[in-house]
Amino acid sequence: MSKSRTIYDKIWDDHLVNTNDDGTSLIYIDRHLVHEVTSPQAFEGLRMTKRKVRCPEKTLAVVDHNVPTTDRKNGIEDEESRIQVEALEKNCKEFGVEYFNELDIRQGIVHVVGPEQGFTLPGTTIMCGDSHTSTHGAFGALAMGIGTSEVEHILATQTLIQRKAKNFRVNVGGTAPDGVTAKDIILSIIGEIGAGGGTGSVIEYTGKAISDLSMEGRMTVCNMSIEGGARAGLIGPDEKTFSYIKDRPRSPKGDDFDRAVDYWNALNSDKDAYFDRDVYLDAAALPPVVTWGTSPEDVVSINGEVPDPEGIDDEIRKETKKSALEYMDLKPGTKIKDIELDVIFIGSCTNGRIEDLREVAKVVEGHHVNENLNAMIVPGSGLVKEQAINEGLDKIFMAAGFEWREPGCSMCLAMNPDKLLPGQRCASTSNRNFEGRQGFRGRTHLVSPAMAAAAAIAGRFVDVRDFVK
Amino acid sequence: MEKFKNITAVAAPLPEVNVDTDKIIPKQYLKTIERTGLGKGLFSELRYNDDGTENKDFVLNKSQYKNAKILVAGDNFGCGSSREHAPWALLDYGIKVVISTSFADIFYNNCFKNGMLPIVLDEKEVSLLMEETERGSNATLTVDLESQEITTSDGNKINFKIDKFLKHCLLNGLDDIALTLEKNSEIGSYEDKIKSQRPWL
Ligand code: SF4
């Protein structure tokens, strides 16, 4: 019966606790990440039903969404944010879960912290009450975002009730040209398949352009799987994966590590494994891209123009895209390079890692942020920040006129004080350009760190490839 | 969890694709540590004007849709953030059923944990119901979960599909944690097995 299987099939099979006649399965969860926004009601549920956390040691909690990115030694000013942060601290203490608070150097965005700590491992099931949990798929893990009821379910049982998703392969062949990054690859994929294109599926990213990526780049790609609607996104593990993991605080050590590598190697999809759907993209043909609308599927080349929704057949879609243009205050036919910006945000679980910061430093060194805009860099974690300082990147950023902040989610979702003002236009390295996402009536264009950096200098969008020359 | 059996109510149209959960419940409402009281924040950036008054143009503020308990929406409803605050807000406002051609997976799942019913229909059926909703309070829909049937005010019927397990849980208001805890010994044996097979975990 041993048929050819995908990596998703293999991880699924290895985590089945039981399958019911109706096809629903109970799967075991190896790793559970928790943050302050989606967990208080789950812990409260446990208290009300007098249940315990089944495996506190398989759970790791960190604050990220609410924390200010300015000096926080004196606590959090916003009362509601402070209450939520304190609730997490109290819940972790009560239920015995390890917790990184806002003053811990290991603190950061949950999806930056997991891999950094070696908590994220290939072949594991990793869940978090956060849709960008797909990030961890970069390690060949099955990583999914869940709601708060499911957070409670995992806390109480270390399992989830699921149905198996479909296998969807996105093969990105060729070599990405200079200036075309992981962010451009994933945005182009979403532009191709649409914001709901991956619904019901787990995407496996394959191909030369994917294996060429660093672990950071792979995380960027997997991170945005959810913006294509996928249940999860993953990439088969290889030497790069193993060397990233080795010697992290929570990764396996000694013989355990070698045994684990054998197991991890065997996880890769079999050659003739079946995929329900296949999409191919040629990385060599991709340009740096920018989003023009209010869905991550609204992707256009830096050398292109704002499209005209009139050509769309479907009435509802046409009207949605027209109102997106109105929201964004853009006219069809406007050249992307003519769009002027007010704010630059560099950070988030998509692009707040050390490699992203290095890319930015490369572009901005010796230049100055345009006088008409504010530009901010928010490292993904305390450890990313420390490393950037060790490499001297902070000096480059500050000399160029960037604000250099404390780690957290920050203006990716603007739950803390970092917000766009109504009408402000932002080039952001985050993952969502939804209405109001970065602040009430704020306008977001998603781009790569290099493109955001170049835009910061120019005050409008430019092709980073011309810029660096 | 509350049981869901059937409902007869006004349905409101939301003819928009990719309605994301940031739009359903913006982040300023996520700072709560409770599940209740989120109805006031539902679609708040569309529902209210800058001075806090109601935006008369937004569908749920129109008198004929004030009592809507059903939403008929465009494709990929509930995309984006995993926040369960989205179904909590809909439910707290009074919406118990959402009908669309597709839902984002996490939102879809979250509905069932809260006694709400998301229904997937094909494009033709959704546009038919969308037209039906234009008749406002004169057009109620009846949704019956047991028979998996939607009936329009004119007596037209549309069948819908639903996973057997999810239907069972919704009809009986079952708590899945309690169901899973019945399998405690199977979970225990799984844990013993991985301790020897994958000791690094
Ligand atoms: S950085 Fe943004 S997308 Fe990532 S976890 Fe934080 S809020 Fe969510």
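Residues numbered from 1 in each chain as written. Chains lettered and ligands numbered in written order. Predicted model: local features only at pLDDT ≥ 70, side-chain atom pairs only at ≥ 80, totals over all residues. Heavy atoms only, no water.

Quick notes on the overall build of chain A
Phase 1 of the analysis: Scanning chain A from terminus to terminus reveals 17 helices and 19 strands.
Phase 2 of the analysis: Here chain A has a C-alpha radius of gyration of 21 Å; the compact-globule value for 469 residues is 23 Å, and the two agree.
Phase 3 of the analysis: With the C-alpha coordinates aligned to their principal axes, the bounding extent of chain A is approximately 55 × 55 × 45 Å.
Phase 4 of the analysis: Burial statistics for chain A: of 469 residues in total, 65% are counted as buried.
Phase 5 of the analysis: Across chain A, every contact between residues at least 6 apart in sequence was considered, and the portion connecting residues at least 24 apart equals 76%.
Phase 6 of the analysis: Charge centroids of chain A, computed over 54 positive and 72 negative side chains, lie 2 Å from each other. (Helix = DSSP H or I, 4+ residues; strand = E, 2+ residues; numbered from the N terminus. Rg over C-alpha atoms; globule rule 2.2 N^0.38 Å. Buried < 20%, exposed > 50% of the residue type's maximum accessible area, 1.4 Å probe, protein only. Contact = heavy atoms within 4.5 Å. Lys, Arg positive; Asp, Glu negative; His and termini not counted. Charge placed at Lys NZ, Arg CZ, Asp CG, Glu CD.)

Let's talk about the interface of chain B and chain A
Phase 1 of the analysis: Across the boundary between the two partners, chain B contributes 58 residues, which contact 78 residues of chain A.
Phase 2 of the analysis: Both faces combined, the contact of chain B with chain A buries some 5600 Å², and carbon together with sulfur accounts for 54% of it.
Phase 3 of the analysis: Ranking the residues of chain B by area buried against chain A places B:Lys27, B:Lys31 and B:Trp200 at the top, with a combined share of 15%.
Phase 4 of the analysis: If you look at where chain B meets chain A, you find nine salt bridges. (Buried area = accessible area lost by both parts, 1.4 Å probe. Salt bridge = Lys/Arg side-chain N within 4 Å of Asp/Glu carboxyl O.)

Observations regarding the site of the ligand
Phase 1 of the analysis: Taken together, the neighbourhood of the ligand is formed by A:His65, A:Ile109, A:His111, A:Asp130, A:His132, A:Ser348, A:Cys349, A:Cys409, A:Cys412, A:Leu413, A:Asn431 and A:Arg437.
Phase 2 of the analysis: The residue inventory of the shell around the ligand, partitioned by class, reads five nonpolar, five polar and two charged. (Near = heavy atom within 4 Å. Nonpolar A, V, L, I, M, F, W, Y, C, P; charged D, E, K, R; others polar.)

Side note on the nonpolar core
Most often, soluble globular proteins keep nonpolar side chains buried together rather than apart.
Phase 1 of the analysis: Within the largest apolar cluster, 116 residues are counted, with the highest numbers of intra-cluster contacts made by B:Phe77, B:Leu90, B:Ile99 and B:Leu117.
Phase 2 of the analysis: Residue contacts for B:Ile99: discarding those within four places in its chain leaves B:Ile70, B:Leu71, B:Val72, B:Ala73, B:Ile119, B:Leu121, B:Val126, B:Leu129, B:Leu141 and B:Ile150.
Phase 3 of the analysis: Counting 77 residues, the second largest nonpolar core, distinct from the first, contains A:Tyr8, A:Met144, A:Tyr205 and A:Leu267. (Core = buried A, V, L, I, M, F, W, Y, C linked by side-chain atoms within 4.5 Å.)

Some points on the environment of B:Ile95
Residue and element names in this part refer to chain B.
Phase 1 of the analysis: Relative to the helices and strands, isoleucine 95 resides in the loop between helix 3 (85-93) and strand 3 (97-100).
Phase 2 of the analysis: Taking the C-alpha atoms as reference points, isoleucine 95 and valine 126, separated by 31 residues in sequence, lie 17 Å from one another.
Phase 3 of the analysis: Excluding its chain neighbours within four sequence positions, the residues that come into contact with isoleucine 95 are Ala68, Lys69, Ile70, Leu71, Leu90 and Met116.

Remarks on the sheet that holds strand 10 (residues 201-206) of chain A
Where strands meet in a sheet, backbone hydrogen bonds hold them as pairs that are either parallel or antiparallel.
Residues and elements named next belong to chain A.
Phase 1 of the analysis: Spatial strand order, 11-10-9-12: four strands in an open sheet with parallel pairing. Two strands bound the open sheet, and with one partner strand each, they are strand 11 (232-234) and strand 12 (277-282). When the angles between neighbouring strand axes are averaged without regard to direction, this sheet yields 20°.
Phase 2 of the analysis: Sheet analysis places strand 9 (residues 166-173) next to strand 12, joined by six bridges and oriented parallel. Across the sheet, valine 172 pairs through a bridge with leucine 281, a residue of strand 12.
Phase 3 of the analysis: Contacts from helix 1 (residues 7-14) reach strand 9, strand 10 and strand 11, with the element oriented near 140° to strand 9. (Pairing = 2+ DSSP bridges. Axes fitted to C-alpha atoms, helices over the stretch in contact; angles between N-to-C directions.)

Some words on helix 11 (residues 315-328) of chain A
All names here are of chain A.
Phase 1 of the analysis: For helix 11, spanning 14 residues, the distance from its first C-alpha to its last is 20 Å, which sits close to the expected 20 Å at 1.5 Å a residue.
Phase 2 of the analysis: Residues Lys318, Thr320, Lys321, Ala324, Leu325, Tyr327 and Met328 constitute the buried set of helix 11.
Phase 3 of the analysis: Buried residues along helix 11 sit in contact with strand 18 (425-428) and strand 19 (443-446).
Phase 4 of the analysis: Where helix 11 starts, the residue carrying a side-chain oxygen 3.3 Å from the main-chain nitrogen of isoleucine 316 turns out to be aspartate 314.
Phase 5 of the analysis: Following helix 11 by one or two positions, aspartate 329 has its phi on the positive side, about 55°. (Expected span 1.5 Å × (residues − 1). Polar contact = N/O pair within 3.5 Å; in protein donor to acceptor, adjacent residues only side chain to side chain.)

With respect to the pattern of salt bridges
Residue and element names in this part refer to chain A.
Phase 1 of the analysis: Inspection of the entire model under this criterion finds 45 salt bridges over all chains.
Phase 2 of the analysis: The shortest N-O distance in the salt bridge between glutamate 359 and lysine 362 comes to 3.8 Å. Here glutamate 359 pairs with lysine 362, and both are found in helix 13 (residues 354-364), just three residues apart, close to one helical turn.
Phase 3 of the analysis: Several salt bridges share partner residues, and in doing so they unite Glu310, Glu315, Lys318, Glu319 and Lys322 into one network.

Some points on the packing of helix 6 (residues 182-193) of chain A against helix 8 (residues 215-223) of chain A
Residue and element names in this part refer to chain A.
Phase 1 of the analysis: One can describe the packing of helix 6 onto helix 8 by two numbers: an axis separation of 8 Å at closest approach and a directional angle of 20°. Comparing the axis directions of helix 6 and helix 8 gives the class roughly parallel. When you trace helix 6 past helix 8, the crossing you get is right-handed. Two secondary-structure elements touch here, helix 6 through Ala182, Lys183 and Ile186 and helix 8 through Gly217, Thr220 and Val221.
Phase 2 of the analysis: Tallied by class, residues from the contact of helix 6 with helix 8 come to three nonpolar, two polar and one charged. (Parallel < 35°, antiparallel > 145°, perpendicular 65-115°, else oblique. Left-handed = near helix turned anticlockwise from the far one by under 90°.)

Brief notes about the sheet that holds strand 3 of chain B
Residues and elements named next belong to chain B.
Phase 1 of the analysis: Ordered in space as 4-3-2-1-5-6-7, the seven strands form an open sheet in which the pairing is mixed. In this open sheet, the two edge strands, each paired with only one partner strand, are strand 4 (117-120) and strand 7 (157-159). When strand polarity is set aside, the average angle formed by the axes of neighbouring strands in this sheet is 25°.
Phase 2 of the analysis: Both strand 5 (residues 140-144) and strand 6 (residues 149-151) contribute to a ladder of three bridges, which runs antiparallel.

Let's talk about unusual backbone geometry
Phase 1 of the analysis: Phi is positive for A:Gln158, close to 60°, though the residue is something other than glycine.
Phase 2 of the analysis: Residue placement: A:Gln158 occurs in the loop between helix 5 (148-157) and strand 8 (159-162).
Phase 3 of the analysis: Residues other than glycine seldom take positive phi values, yet B:Phe43 does so here, at roughly 50°.
Phase 4 of the analysis: Inspection of the secondary structure puts B:Phe43 in the loop between helix 1 (21-24) and helix 2 (44-47).

Quick word on helix 4 (residues 105-112) of chain B
For an α-helix, 3.6 residues make a turn, and residues three or four places apart therefore share a direction.
Phase 1 of the analysis: Within helix 4 of chain B, eight of the eight residues are buried, leaving the element largely enclosed by the surrounding structure.
Phase 2 of the analysis: Along helix 4 of chain B, the residues classified as buried are B:Asp105, B:Ile106, B:Phe107, B:Tyr108, B:Asn109, B:Asn110, B:Cys111 and B:Phe112.

Brief notes about the confidence of the model for chain B
Phase 1 of the analysis: Across chain B, pLDDT averages 95, with 100% of residues at or above 70.
Phase 2 of the analysis: Among the scores for the predicted complex, ipTM is 0.95 and pTM is 0.97. (pLDDT = per-residue confidence, 0-100.)

Things to note about the packing of aromatic side chains
Phase 1 of the analysis: With the rule as written, the count across this model stands at 15 aromatic pairs over all chains.
Phase 2 of the analysis: Between A:Phe397 and A:Trp404 the ring centres are 5.5 Å apart and the planes differ by 45°, which places this aromatic pair in the tilted class. The residues A:Phe397 and A:Trp404 share a single accessibility class, namely buried.
Phase 3 of the analysis: Relative to B:Phe58, the ring of B:Phe43 has its centre 5.6 Å away and its plane inclined at 55°; by these criteria the two rings are tilted. In this pair, B:Phe43 is assigned in the loop between helix 1 and helix 2 and B:Phe58 in the loop between helix 2 and strand 2 (70-73), connecting sequence segments 15 residues apart. Each member of the pair, B:Phe43 as well as B:Phe58, carries the same accessibility label: buried.
Phase 4 of the analysis: Ring pairing ties together the aromatic residues B:Phe77, B:Phe103, B:Phe107, B:Tyr108 and B:Phe112, which thus form one cluster.
Phase 5 of the analysis: The side chain of A:Lys246 reaches across the aromatic face of A:Phe257, ending 4.7 Å from its centre. (Phe/Tyr/Trp six-rings, centres within 6.5 Å; stacked < 30°, edge-to-face > 60°. Lys NZ or Arg CZ within 6 Å of the ring centre and 35° of its normal.)

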